Amino acid sequence: MRDMTAVSAAAAWLLLVGLAVVGAMVVLADGRLRWYPTGLLQWCMVVALAQGLYGMLLGSGLIPQAEAPAVRIVMLPTWIAGVGFSVWKGRRAVLGRWADRQLVRILGDLNVVLRITALHRRAEGAEVREPLLQEARTALGRRRGRAALLSFQKVLEQMEAEHYTSEEWSELRSRTRALVTNFVGGSKTSEATSAA
């Protein structure tokens, strides 16, 4: 019974800590302070901090000491893995926010909305593409750069039959493909920055 109580308490605290870690990383990123582990040393620091926090919770009695040795052995590695997973999720969220902001700026600089809208109006089947184009505009208005970029890419692909000889269409498709590769395709931050 005591082991179940210990495991339940550890799981509850791990959930709270995980949510706090991800939330803090996202809030800091929104304030233009981007942090996440980028090397082995920083991941070792995350492990050390996770161990220290677990020890504090255990020492204060907020997480009861398990009776069975096997349970005690498993709880600390599980805690460290849980905190590490939270930091990894926070890192993904931070990079996602950064990518969205960069893409909103880049798409604005390229005047993508007006250029694609002009091509869209000159091509047949405009009524079929209109919902997708509106979806892209909405995503851009909400500063969801990656979603907007993917929608713009689909609109361009649907106009290929009409505009495949157009330099304007070719340039936009080439640029959107490059942006998708750098910002949506899982590239590293440094690669995305150089492309921007």
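This one's a predicted model, so the numbers in the text were calculated from it and none came from an experiment.

### Focus: the overall build of the protein
Along the backbone of the protein there are nine helices and zero strands. Along the chain direction, N to C, the helices and strands of the protein fall in the order α-α-α-α-α-α-α-α-α. A compact globule built from 196 residues should have a C-alpha radius of gyration of about 16 Å, whereas the protein, at 24 Å, is more than 25% larger. Taking the principal axes of its C-alpha atoms as reference, the protein extends roughly 75 × 35 × 25 Å. Considering the protein as a whole, with its 196 residues, one finds that 38% of them fall into the buried category. Intrachain contacts of the protein at a sequence separation of at least 6 include 73% that bridge at least 24 residues. Roughly 11,400 Å² of accessible area belongs to the protein as shown, and the carbon and sulfur atoms make up 60% of that amount. For the protein, the distance from the average site of its 24 positive side-chain charges to the average site of its 16 negative ones is 8 Å.

### Remarks on helix α1 (residues 2–30)
Between its first and last C-alpha atoms α1 spans 42 Å; for 29 residues at 1.5 Å apiece the expected length is 42 Å, and the two agree. Those residues of α1 that fall on the buried side of the exposure criterion are D3, A6, A9, A10, L14, V17, G18, M25, V26 and A29. If you follow the buried residues of α1, they end up packed against α2 (40–59) and α3 (69–109). Within two residues after α1, R32 carries a phi angle of roughly 70 degrees, on the positive side.

### Quick word on the nonpolar core
Of all hydrophobic cores here, the largest spans 27 residues; its most connected members are L107, I116, F152, M159 and L179. Those elements that provide at least two residues to this core are α3, α4 (112–122), α5 (126–141), α6 (145–158) and α8 (167–184). Residues within four places of L107 in sequence aside, it is in contact with V112, L140, G145, A148, L149, F152 and L179. By size, the runner-up hydrophobic cluster in this structure holds 15 residues, among which are A6, V46, A66 and V87.

### Regarding unusual backbone geometry
Trans peptide bonds make up most of the peptide bonds, and negative phi angles are found at most residues other than glycine. A positive phi angle is found at N111, which is not glycine, with a value near 55 degrees. When you line up the elements, N111 lands in the loop between α3 and α4. Although it is not a glycine, R143 adopts a positive phi angle of roughly 60 degrees. You can see R143 is positioned in the loop between α5 and α6.

### Looking at the environment of E135
Within the secondary structure, E135 is located in helix α5. Measuring from C-alpha to C-alpha, the distance between E135 and A147 comes to 8.7 Å, with twelve residues separating the pair along the chain.

### So, the side chain of T176
Residue placement: T176 occurs in helix α8. In terms of polar contacts, T176 uses its side chain to reach the backbone carbonyl oxygen of R173, at 2.9 Å.

### Let's talk about α5
Working note: α-helix, 3.6 residues per turn, so residues spaced by three or four point in the same direction. When the terminal C-alpha atoms of α5 are compared, their 21 Å separation across 16 residues agrees well with the 22 Å that a helix rising 1.5 Å per residue should span. Every buried residue of α5 is accounted for by R129, L132, L133, A136, A139 and L140. Among the structural elements, α3, α4 and α6 are those in contact with the buried residues of α5. Positive phi shows up at R143, right after α5, with a value of about 60 degrees.

### Overview of the environment of L103
Assignment of secondary structure puts L103 in helix α3. Residues L103 and L179, spaced 76 residues apart in sequence, show a C-alpha to C-alpha distance of 8.0 Å. When residues no more than four places from it in sequence are discounted, the contact partners of L103 are G145, R146, L149, L179 and F183.

### With respect to the pattern of salt bridges
Enumeration according to the criterion identifies seven salt bridges in this entry. One salt bridge in this structure joins R115 and E168, with 2.7 Å as the shortest N-O distance. Taken together, the residues span a long stretch of sequence, with R115 in helix α4 and E168 in helix α8 at a distance of 53 residues. R115 sits in the buried class, given a relative accessible area of 16%. E168 sits in the partly exposed class, given a relative accessible area of 28%.

Conventions and cut-offs
- Residues numbered from 1 in each chain as written.
- Predicted model: local features only at pLDDT ≥ 70, side-chain atom pairs only at ≥ 80, totals over all residues.
- Heavy atoms only, no water.
- Helix = DSSP H or I, 4+ residues; strand = E, 2+ residues; numbered from the N terminus.
- Rg over C-alpha atoms; globule rule 2.2 N^0.38 Å.
- Buried < 20%, exposed > 50% of the residue type's maximum accessible area, 1.4 Å probe, protein only.
- Contact = heavy atoms within 4.5 Å.
- Areas by Shrake-Rupley, 256 points an atom, 1.4 Å probe, with all protein chains shown as cover.
- Lys, Arg positive; Asp, Glu negative; His and termini not counted.
- Charge placed at Lys NZ, Arg CZ, Asp CG, Glu CD.
- Expected span 1.5 Å × (residues − 1).
- Core = buried A, V, L, I, M, F, W, Y, C linked by side-chain atoms within 4.5 Å.
- Polar contact = N/O pair within 3.5 Å; in protein donor to acceptor, adjacent residues only side chain to side chain.
- Salt bridge = Lys/Arg side-chain N within 4 Å of Asp/Glu carboxyl O.

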